[in-house]
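# Structural characterization, general
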Amino acid sequence: MIFVGAGTFWMGSDDHYPEEKPAHRVNVDGFFIDETPVTNADFAEFVTATGYRTFAESVPDPRDYPGILQEMLYAGSLVFRKPAGQVDLSDWTQWWSFLKGANWRQPYGTHSSIEGLHDHPVVHISHHDAMAYARWKGKELPTEAEWEFAARGGLDQAEYAWGSELSPGGRYMANTWQGPFPAVNHKLDGYTRTSPVKAFPPNGYGLYDMVGNVWEWTSDWFAPKHEADATKACCIPKNPRGGLEVASYDPCLPKIKIPRKVLKGGSHLCAPNYCRRYRPAARHAEAIDTSTSHVGFRCVVRNGESNETAS
């Protein structure tokens, strides 16, 4: 783990998506954070030690999903599948499929495996799964403020985790999508899906994959915008904890009351023409029961040193 010292920074952005507004100052205490996202090898160790079964490996309870079709009651997870041609970008079902048998061991369906992917971030992890792993390690999930502060690597208000340009000097600094999403990926960064967690340079704090590769869970309930900036330095919030659970429900699904947490960091599916969220300020709402082929996590330790602390 890497120690990130206490500090004040500008959280959010006024220049991109509405949910990132307004930019505002936040204080955070120091904390330790995992150098990389949790990998398949890390998660396999947890499962071997505990026998844990992820949400994606479990058949849904129909009582939790009013009106669900009987034929949808099977264990599985959402997997990105590239369409044959350009599609309506407002319809995510054109590139996401709920595949039977997809889970962290079989990230792209029943005929796939994590062989050769042990140093890639674990995916198909629900928020509950991430919390279970964190508890087993004696850690926690980061707050949104902690995550964003760490992602910035000391570059306050910079557009990206490494500075002001997406690809400085033509160098790709993170695993993202190059080309018109979702049909064409030119793979200029070398990857079409996930990449090894140290394939790209670390940020100023020595942290890898804080942008791109996979989205990462935080502990905060999602709110559609940030609180306004404090008018006085004395009133800058310290260690904020996000919105309220009851306010995090998806307004597009009024009959299904599943709360949502904040995801941070973007993923290998973020592209200039769609989801420009490969930035520290970017944020996204995700239902706590949802797992996908592009969401993972990392952990933090507060109030004292971890046994795994790196200098």
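None of the values given here were measured: they were computed from a predicted structure.

## Considering the nonpolar core
If you look at the biggest cluster of nonpolar residues, it comprises 28 residues, and the most contacted ones within it are Phe43 and Phe297. Elements with a contribution of two residues or more to this core: helix H1 (40–50), helix H2 (127–136) and strand S7 (215–221). Looking at which element gives the most residues to this core, the answer is H2, with four residues. Aside from chain neighbours lying at most four places away, what touches phenylalanine 43 is Val38, Tyr52, Thr54, Trp104, Val122, Ile125, Asp129, Tyr133 and Phe297. In this structure, Phe9, Val26, Ile33 and Ala150 belong to the second largest nonpolar core, which totals 16 residues.

## Observations regarding the packing of aromatic side chains
The geometry of an aromatic ring pair comes down to the distance between the two centres and the angle between the two planes. Per the stated rule, a full pass over the model turns up 22 aromatic pairs. Through a chain of ring-to-ring contacts, the aromatic side chains of Phe43, Phe46, Tyr52, Trp104, Tyr133, Trp136 and Phe297 assemble into a single cluster. Across from the ring centre of tryptophan 221, 3.6 Å away, lies the NZ or CZ of lysine 261, which sits over that ring. Sitting over the ring of tyrosine 17, arginine 277 keeps its end group 3.7 Å from the ring centre.

## Regarding the pattern of salt bridges
Taken as a whole and assessed by the stated rule, the structure comprises 14 salt bridges. With a shortest N-O distance of 2.7 Å, glutamate 20 and arginine 279 are connected by a salt bridge. Placement of the pair is glutamate 20 in the loop between strand S2 (7–11) and strand S3 (24–28) and arginine 279 in the loop between strand S8 (260–264) and strand S9 (283–287), with a sequence separation of 259 residues. Side by side, glutamate 20 and arginine 279 carry an identical accessibility label, which is buried.

## Things to note about the pairing of S9
Across the five residues of S9, four count as buried, placing the element largely inside the fold. Where S8 lies against S9, five bridges are found, and the strand directions are antiparallel. Following the sheet pairing, valine 262 is matched in S9 by alanine 285.

## Some remarks on H1
All buried positions along H1 are accounted for by Asn40, Phe43, Phe46 and Val47. Buried residues of H1, viewed axially, fall in a sector of 120°; they line one side. Residues of H1 that are exposed and angled more than 90 degrees away from the buried face: Thr48 and Ala49. Lining the buried residues of H1 we find H2.

## Quick look at the sheet that holds S9
Strand order in the open sheet made by the four strands is S9-S8-S7-S10, with mixed pairing throughout. Either end of the sheet is taken by a strand with one partner, and the two such strands are S9 and strand S10 (295–296). Sheet contacts for helix H3 (residues 144–152): S7, S8 and S9; angle to S7, the most-contacted strand, approximately 140°.

## A look at the side chain of arginine 152
Positionally, arginine 152 belongs in helix H3. On the basis of relative accessibility, which here comes to 4%, the residue arginine 152 falls in the buried class. Within the structure, the side chain of arginine 152 is placed 3.5 Å from the backbone oxygen of tryptophan 10, a separation counted as a polar contact. Setting aside residues no more than four positions away along its own chain, arginine 152 makes contact with Phe9, Trp10, Gly12, Gln157, Ala158, Ala161, Asn203, Pro280 and Ala281.

## Digging into the environment of aspartate 61
Within the element layout of this structure, aspartate 61 appears in the loop between H1 and strand S5 (76–80). Measuring from C-alpha to C-alpha, the distance between aspartate 61 and phenylalanine 200 comes to 40 Å, with 139 residues separating the pair along the chain.

## Section: the environment of histidine 16
Looking at where histidine 16 falls in the secondary structure, it is placed in the loop between S2 and S3. Between the C-alpha atom of histidine 16 and that of phenylalanine 3, which follows or precedes it by 13 residues, the distance is 30 Å. When near neighbours in sequence (up to four residues on either side) are disregarded, histidine 16 contacts Glu159 and Arg279. Side chain to side chain, histidine 16 and glutamate 159 meet in a polar contact 2.6 Å long.

Criteria and thresholds
- Residues numbered from 1 in each chain as written.
- Predicted model: local features only at pLDDT ≥ 70, side-chain atom pairs only at ≥ 80, totals over all residues.
- Heavy atoms only, no water.
- Core = buried A, V, L, I, M, F, W, Y, C linked by side-chain atoms within 4.5 Å.
- Buried < 20%, exposed > 50% of the residue type's maximum accessible area, 1.4 Å probe, protein only.
- Helix = DSSP H or I, 4+ residues; strand = E, 2+ residues; numbered from the N terminus.
- Contact = heavy atoms within 4.5 Å.
- Phe/Tyr/Trp six-rings, centres within 6.5 Å; stacked < 30°, edge-to-face > 60°.
- Lys NZ or Arg CZ within 6 Å of the ring centre and 35° of its normal.
- Salt bridge = Lys/Arg side-chain N within 4 Å of Asp/Glu carboxyl O.
- Pairing = 2+ DSSP bridges.
- Arc of directions from axis to C-beta.
- Axes fitted to C-alpha atoms, helices over the stretch in contact; angles between N-to-C directions.
- Polar contact = N/O pair within 3.5 Å; in protein donor to acceptor, adjacent residues only side chain to side chain.

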